[in-house]
Amino acid sequence: MNVDDAILTLKERKASKILLQLPDGLKPEAFDLFNKFSQNFNVIISSQSFYGACDIGNMEVYKDVDYIVQLGHSEIPNIKYTKPVIFIEYYYKLVELNDNVFSTLKENGIKNVGLLSSIQYYKEMGYVKAKLENLGYNVIIGKVDGRMKYPGQVLGCNFSAAHSIAEEVDAYLLVSTGLFHGIGAQLSTDKPVYILDLNQRSINNIQPEIDKFLRKRYARIEPAIDARKFAIVIDTKIGQYRKKLAYSIYNKVKKLGKDAVIVTADNVNPVDFQNLMCDAVVFTGCPRVSIDDEDKFSMPVLTPIEFEQLFGFKSNNKYMMDEIVGVDTYSPIR
């Protein structure tokens, strides 16, 4: 759906007041979008950062609007949104690639390629699939679970597309930029993961980054073994709300003879946890908080899986990425 389609849909549904959510990268377009939508509706733009289709903001912001219009992401099908949301997916322009870009795959003896993509590069994935098949590769795009909208699509917290074809591929090729999705994909599978970096027009093996990531991550979470006071965080974002998991972790902390509190958070502020005087945090929302923001905290911040592995509740010695398959329906915290 594009902007014009969204406006037409909103008119057909007799919307009056809408909230526009723009990722930071699209906020320079705020004035043009505001002017376009305000020809037909009362419009307000959220200035807050948000983290994808899992995050439609605080209810105090959107309670008085008819619809939320979110740009840049695709719907998460298994979320029961508390307000109607229209998603306008944003795709980067197609990048032409020479055949020699894919020589790395041939050099490493890869014939069966599992193709993955983040949503912004999803159209590019179709182009890459055709290129690979013309070069003689067998290309497989995985099925996804209820949290994902498109085959082959990955989120930073969900790699079901990779799991579904793990036995059929020699390696994965992720069409994206940056490292986060690639690191997550590699940690969720035993097969090699390569990133097709469209900015550099090159293919890179993610394994060297994995080694650095794991050294840093283990060093960061290891001190939690001596923690006495744990803060167990329930993220109130609609697509990250795992209250049942938080209480499960709470009970495990108590079984260890340690102290714990249940806290809620929307946008996580490290100072809040300093004020709690806790020794460690287990964050049940987006794993990017624990991983990307680890250096902002004065104490270890663990994902639920990291906590369970560190304290022996899971026996698997291989580091496991925290993946979100489904979330709880909003209910009172009790």
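Heads up: the structure comes first, above all this text.
Criteria and cut-off values
Residues numbered from 1 in each chain as written. Predicted model: local features only at pLDDT ≥ 70, side-chain atom pairs only at ≥ 80, totals over all residues. Heavy atoms only, no water. Disulfide = S-S within 2.5 Å. Buried < 20%, exposed > 50% of the residue type's maximum accessible area, 1.4 Å probe, protein only. Core = buried A, V, L, I, M, F, W, Y, C linked by side-chain atoms within 4.5 Å. Helix = DSSP H or I, 4+ residues; strand = E, 2+ residues; numbered from the N terminus. Contact = heavy atoms within 4.5 Å. Salt bridge = Lys/Arg side-chain N within 4 Å of Asp/Glu carboxyl O. Polar contact = N/O pair within 3.5 Å; in protein donor to acceptor, adjacent residues only side chain to side chain. Pairing = 2+ DSSP bridges. Axes fitted to C-alpha atoms, helices over the stretch in contact; angles between N-to-C directions. Right-handed = clockwise from strand over helix to strand, strands pointing away. Parallel < 35°, antiparallel > 145°, perpendicular 65-115°, else oblique. Nonpolar A, V, L, I, M, F, W, Y, C, P; charged D, E, K, R; others polar.

A. Representation of the state of the cysteines within the structure. Inspection of every chain in the model, using the stated rule, returns 0 disulfides. Unpaired in terms of disulfides, cysteine 157 finds its nearest cysteine sulfur in cysteine 286, a separation of 6.0 Å. Take cysteine 286: its relative accessible area is 16%, and that puts it in the buried class.

B. Highlighting the nonpolar core. Ranked by size, the top nonpolar core spans 25 residues in total, and within it Phe102, Leu105, Val128, Leu132, Leu173 and Leu196 carry the most contacts. At the level of secondary structure, the elements contributing two or more residues to this core comprise strand E5 (112–117), helix H5 (122–134), strand E7 (171–176) and strand E8 (193–197). The residues contacting phenylalanine 102, other than those within four sequence positions of it, are Leu97, Val128, Lys131, Leu132, Leu135, Tyr137, Leu173, Leu196 and Ile203. By size, the runner-up hydrophobic cluster in this structure holds 24 residues, among which are Val193, Phe213, Tyr319 and Met321.

C. Representation of the pattern of salt bridges in the model. Scanning all chains against the criterion turns up 18 salt bridges. For lysine 27, the salt bridge goes to aspartate 24, with nearest N and O atoms at 3.1 Å. Given the relative accessible area of 25%, lysine 27 is considered partly exposed. Residue glutamate 294 is joined to arginine 217 by a salt bridge in which the shortest nitrogen-to-oxygen separation is 2.5 Å.

D. Examining the side chain of aspartate 322 more closely. Following the sequence through the fold, aspartate 322 ends up in the segment after helix H12 (304–310). Among the residues examined, aspartate 322 registers a relative accessible area of 3% and is labelled buried. A distance of 2.8 Å separates polar atoms of two side chains, one belonging to aspartate 322 and the other to arginine 242. If we ignore the near neighbours within four places in the chain, the residues touching aspartate 322 are Cys157, Arg242, Gly285, Pro287, Thr303, Pro304 and Ile305.

E. Representation of the sheet that holds strand E1 (residues 17–21) within the structure. In spatial order, the strands read E2-E1-E3-E4; together these 4 strands make up an open sheet with parallel pairing. If you trace the sheet from one side to the other, it starts and ends with strand E2 (42–45) and strand E4 (85–88), each paired once. Here the average twist between neighbouring strands, direction ignored, is 25°. Seen against the sheet, helix H1 (residues 3–12) touches E1, strand E3 (67–71) and E4 and runs at an angle of roughly 165° to E4.

F. Structural view of the pairing of strand E11 (residues 259–265). The sheet contact formed by strand E10 (residues 229–235) and E11 spans 7 bridges and is parallel. Bridge pairing in E11 links isoleucine 232 to isoleucine 262. In this fold, the crossover linking E10 to E11 by way of helix H9 (residues 243–255) has right-handed handedness.

G. Representation of the packing of helix H7 (residues 180–187) against helix H8 (residues 207–221). In the contact formed by H7 and H8, the axes pass within 10 Å of each other and the chain directions differ by 85°. In this view, H7 runs roughly perpendicular relative to H8, as classed from their interaxial angle. Contacts from Ile183, Gln186 and Leu187 of H7 reach H8 at Gln207, Ile210, Phe213 and Leu214. Residues belonging to the contact of H7 with H8 are distributed by class as follows: 5 nonpolar, 2 polar and no charged.

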